Amino acid sequence: MPILSREVDAHPERLFELPLDEFPWHVAHVRSRQEKRIARRLREEDIPFYLPQWEQKKRRNSRNLSSWLPLFPGYVFFRGGREARTEALRSNVIARLLEVHDQVLLHEELAQLHHIQASGAVLIPWPEVAAGDEVRICEGLFCGYRGVVLREKGLVRLVVSITALRQSVSVELGREVVALESRPATGRSKRSSS
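Summary of the structure given here. Everything quoted here is computed from the prediction, not taken from an experiment.

**Quick notes on the overall build of the protein**
Then, in step 1: The secondary structure content of the protein amounts to three helices and 13 strands.
Then, in step 2: In the protein, which comprises 194 residues, the proportion classed as buried is 32%.
Then, in step 3: Long-range pairs, those at least 24 residues apart, make up 70% of the contacts in the protein between residues at least 6 apart in sequence.
Then, in step 4: Only carbon and sulfur atoms are counted for the fraction: they give 49% of the accessible area of the protein, which is about 13900 Å².

Next up, the structure:
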């Protein structure tokens, strides 16, 4: 049973084919839980946008519940010139617009994320957690426990980052599809067994 249904996450269908010089990216930081509202408004106004979503499944009172939530809570990506920007701000749900310093990088990262989603891969939010970070367990048997991250073992994941937000998402992959990227030789390479 859906609590929050999935909505259109990219408009128009060829969003990533629009030229960057005519349709630069904007990052809208919206008020709490207003991501889908601004996306609907942008679609009504025919303003190109991207709101990546993920499905959260929970079991409550012997019922399976699912919700489609923004992958990056509080943020919606949209494209266009001054008119698109002005129209988006008229929605009164945008707290501020983040300046996009590297249009090409943001475009490439979002296009990669969209392509991964289109492939049917399951994406989950992946906060930046590094060795030495203090964390709290949010679900399961050890919910509420606190500790320090030593290192992640076992799962092979591709982490896709959106640099402008300093946020990432991950997708689980089979080991057979992962290979080291070739790098120029800089002396001896050190390998560790896993």
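**Thoughts on the pattern of salt bridges**
Then, in step 1: Within this structure, the stated rule accounts for five salt bridges.
Then, in step 2: The residue D9 makes a salt bridge to R6 at a minimum N-O spacing of 3.2 Å.
Then, in step 3: For D9, a relative accessible area of 14% corresponds to the buried category.
Then, in step 4: Residue class for R6 comes out partly exposed when judged on its relative accessible area of 41%.
Then, in step 5: Residues R90 and E87 are paired through a salt bridge, measuring 2.9 Å at the closest nitrogen-oxygen approach.
Then, in step 6: Given a relative accessible area of 15%, E87 falls into the buried group.
Then, in step 7: Here the residues in one salt-bridge network are R41, E87 and R90, joined through shared partners.

**Observations concerning helix α3 (residues 103-118)**
Then, in step 1: With 16 residues, α3 should reach 22 Å at 1.5 Å per residue; the first-to-last C-alpha distance of 22 Å fits that figure.
Then, in step 2: Within α3 the residues assigned to the buried category are Q103, L106, H107, E109, L110, L113, I116 and Q117.
Then, in step 3: Capping the start of α3 is the job of one residue whose side-chain oxygen sits 3.3 Å from the backbone nitrogen of V104: D102.

Thresholds, definitions, all that
Residues numbered from 1 in each chain as written. Predicted model: local features only at pLDDT ≥ 70, side-chain atom pairs only at ≥ 80, totals over all residues. Heavy atoms only, no water. Helix = DSSP H or I, 4+ residues; strand = E, 2+ residues; numbered from the N terminus. Buried < 20%, exposed > 50% of the residue type's maximum accessible area, 1.4 Å probe, protein only. Contact = heavy atoms within 4.5 Å. Areas by Shrake-Rupley, 256 points an atom, 1.4 Å probe, with all protein chains shown as cover. Salt bridge = Lys/Arg side-chain N within 4 Å of Asp/Glu carboxyl O. Expected span 1.5 Å × (residues − 1). Polar contact = N/O pair within 3.5 Å; in protein donor to acceptor, adjacent residues only side chain to side chain.

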